[in-house]
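What follows is the residue order along each chain.
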Amino acid sequence: MAKTTKPTIGTYIDPLTDFAFKKLFGSEPNKDLLIDFLNGVFRGRKHIVDLVYNKNEHPGETVNEGGAIFDLTCTGNDGEQFIIEVQRGKQGNFKQRAIFYTSRLVSEQAPKGKRSEWAYDVKEVYLIALLEDFSLDVGNDPAFLHDICLSNRETGKVFYEGLGYIFIELTKFVKTEAELDNDLDKWLYVLKNMSSMDKIPVYLRKPIFEKLFNIAEYSNLTKEEKTMYDTSLKRKWDNKAVLDYAVNEAVKEATKEAEHNKAVDIAREMKQDGIPIEQIAKFTKLSVQEIEKI
């Protein structure tokens, strides 16, 4: 059984917990934090000057149609829509879920009346996902940021810019303080490490990060917010304990299987050399019955 680790409360809240992420980035007074983060994510390709927060729950149009619940969703100054998600731990069909989420926002743009007047004037839709404890299935690619769009498979030329997926693998972001080259680097470093800091570093002494650290200071939370954060942090650590246990058990099982396969190979060679089965069983720890079937 997984052993639960008691959460450690530091000077600053962990921005990757459910409560903290919405506290820091999900309210109107703090939208400048989200705007600055998103501009860092798009690295100059887009420049967002304002955001309007939208509803996070998008039910299906019929009773039998599946709905979607986002961590955060908002609309930019040019009408483009953003879904911001924090994914903690590996999830089945994650890529398919990303497609479903963005498709829901695209389909909701269709007017209920005469569509001929609309002429399919679809606004841009982007999903930005922070992956905390797992990686995408991208082989040995060491990159921590994956900027995905619709493109021609043969030429690589972009087919459509208005639908995009940006996946950020935080496990692969291993830059040190001295290696932080741009605003995105600083944001990702803060998201991963702020909960273990006891003060804002000198290199982050700019208004946007000073505001972030002030809001994130645990002592500045109300009593109710502290309770909500403690619960959120405990849930995160409980989930991590379960995941760690599953990983450890999988490693043990894989090691056990590898050792067994090695013993079988040795037993096969010993049989070919004419060594008695009883002696092989004593050496390899395999049963006589198993050795006889080799």
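Right above here is the structure, for reference.
All of the points below concern the structure found in this document.

The rules we used
Residue numbers here run from 1 along each chain, matching the order of that chain's written sequence. Owing to the predicted nature of the model, reporting of local features is limited to residues with pLDDT of at least 70; listing and counting of side-chain atom pairs is limited to 80 or more, with chain, interface and lining totals taken over all residues. As a rule here, side-chain values cover all heavy atoms of the structure and leave hydrogens and water aside. To qualify as a helix, a DSSP run of H or I must reach at least 4 residues; to qualify as a strand, a run of E must reach at least 2; elements of each kind are numbered from the N terminus. To sort residues, take the accessible area from a 1.4 Å probe on protein chains only and compare it with the maximum for the residue type: under 20% means buried, over 50% means exposed, and anything in between is partly exposed. Any pair of residues with heavy atoms lying within 4.5 Å of one another is described as a contacting pair. Criterion used throughout: strands pair if DSSP finds at least two bridges between them. Regarding the arc, it is the one traced by the directions from the helix axis to the C-beta atoms. Two aromatic rings, drawn from Phe, Tyr or Trp (for Trp, its six-membered ring), form a pair once their centres lie within 6.5 Å of each other, and the interplanar angle then sorts them: stacked below 30 degrees, edge-to-face above 60, tilted otherwise. Angles run from 0 to 180 degrees between N-to-C directions of axes, and those axes are lines fitted to C-alpha atoms, restricted for helices to the stretch in contact. To sort the angles, those under 35 degrees are grouped as roughly parallel, those over 145 as roughly antiparallel, those from 65 to 115 as roughly perpendicular, and the leftovers as oblique. Note on convention: near helix rotated counterclockwise from far helix by under a right angle means a left-handed crossing. Clockwise means right-handed. A side-chain nitrogen of Lys or Arg and a carboxyl oxygen of Asp or Glu constitute a salt bridge if their distance falls within 4 Å.

1. Regarding the overall build of the chain
Scanning the chain from N- to C-terminus turns up eight helices and eight strands. Residue burial in the chain is summarised as follows: out of 294 residues, 38% are buried. Taking contacts inside the chain between residues at least 6 apart in sequence as the whole, the part at least 24 apart equals 59%.

2. Regarding the pairing of strand 7 (residues 145–151)
Here strand 7 pairs with strand 8 (residues 158–169) via seven bridges, running antiparallel. Each residue of the ladder has a partner; that of L150, found in strand 8, is Y160.

3. Some points on helix 5 (residues 207–216)
Of the positions making up helix 5, those classed as buried are I208, F209, L212, F213, I215 and A216. The arc that holds the buried residues of helix 5, viewed along the axis, is 165°, so those residues lie on one side. Against the buried residues of helix 5 lie helix 1 (18–25), helix 2 (31–42) and helix 4 (183–193).

4. Side note on the pairing of strand 6 (residues 125–131)
Consecutive residues of a regular strand have side chains that alternate between opposite faces of the sheet. Counting buried positions over the seven residues of strand 6 gives seven, a clear majority of the element. The two faces of strand 6 match: V125, L127, A129 and L131 on one face and Y126, I128 and L130 on the other face are all buried. Across seven bridges, the pairing between strand 5 (residues 81–87) and strand 6 is parallel. By the bridge assignment, F82 is partnered in strand 6 with Y126. Pairing of strand 6 with strand 8 involves seven bridges; the strand directions are parallel. Opposite I128, over in strand 8, you have I166 as the bridge partner.

5. Brief notes about unusual backbone geometry
Across the chain, the bulk of peptide bonds are trans and the bulk of non-glycine residues have phi less than zero. Phi is positive for R43, close to 50°, though the residue is something other than glycine. Look at Y120: it is not a glycine, yet its phi comes out positive at around 55°. Along the chain, Y120 turns up in the loop between helix 3 (94–107) and strand 6. Owing to a relative accessible area of 60%, Y120 belongs among the exposed residues under this scheme.

6. So, the packing of aromatic side chains
Using the criterion set out here, one finds 17 aromatic pairs in the structure. When the ring of F42 is compared with that of F82, the centres are 5.8 Å apart and the planes differ by 65°; the resulting orientation is edge-to-face. Of the two residues, F42 sits in helix 2 while F82 sits in strand 5, which places them 40 residues apart along the sequence. We note that F42, like F82, is buried. Taken together, F21, F25, F37, W187 and F209 form an aromatic cluster joined through their ring pairs.

7. Some details on the side chain of S232
Its place among the elements puts S232 in helix 6 (residues 223–272). Those residues in contact with S232 that lie beyond four places of it in its chain are T17, D18 and F19.

8. Regarding the packing of helix 2 against helix 4
Direction vectors running N to C along helix 2 and helix 4 enclose 120°, while the axes themselves pass 8 Å from each other. Taken together, the axes of helix 2 and helix 4 are oblique relative to one another. Seen along the crossing, helix 2 lies across helix 4 with a hand that is left-handed. Contact residues: helix 2 offers L33, D36, F37, G40 and V41, while helix 4 offers L184, W187, L188 and L191.

9. Some points on the pattern of salt bridges
Enumeration according to the criterion identifies 19 salt bridges in this entry. For E161, the salt bridge goes to R45, with nearest N and O atoms at 3.9 Å. One end of the pair, E161, is in strand 8; the other, R45, is in the loop between helix 2 and strand 1 (51–53), with 116 residues separating them in the sequence. Among the residues examined, E161 registers a relative accessible area of 42% and is labelled partly exposed. Looking at R45, the relative accessible area reads 38%, which means it is partly exposed. Among the ionic pairs, R97 bridges to E85, the shortest N-O distance being 3.6 Å. With R97 in helix 3 and E85 in strand 5, this pair connects stretches of sequence that are 12 residues apart. For the residue pair R97 and E85, the accessibility class agrees, reading buried in each case. What emerges from the salt-bridge pattern is a single network uniting R43, R45, D147 and E161.

These figures capture arrangement, not role.
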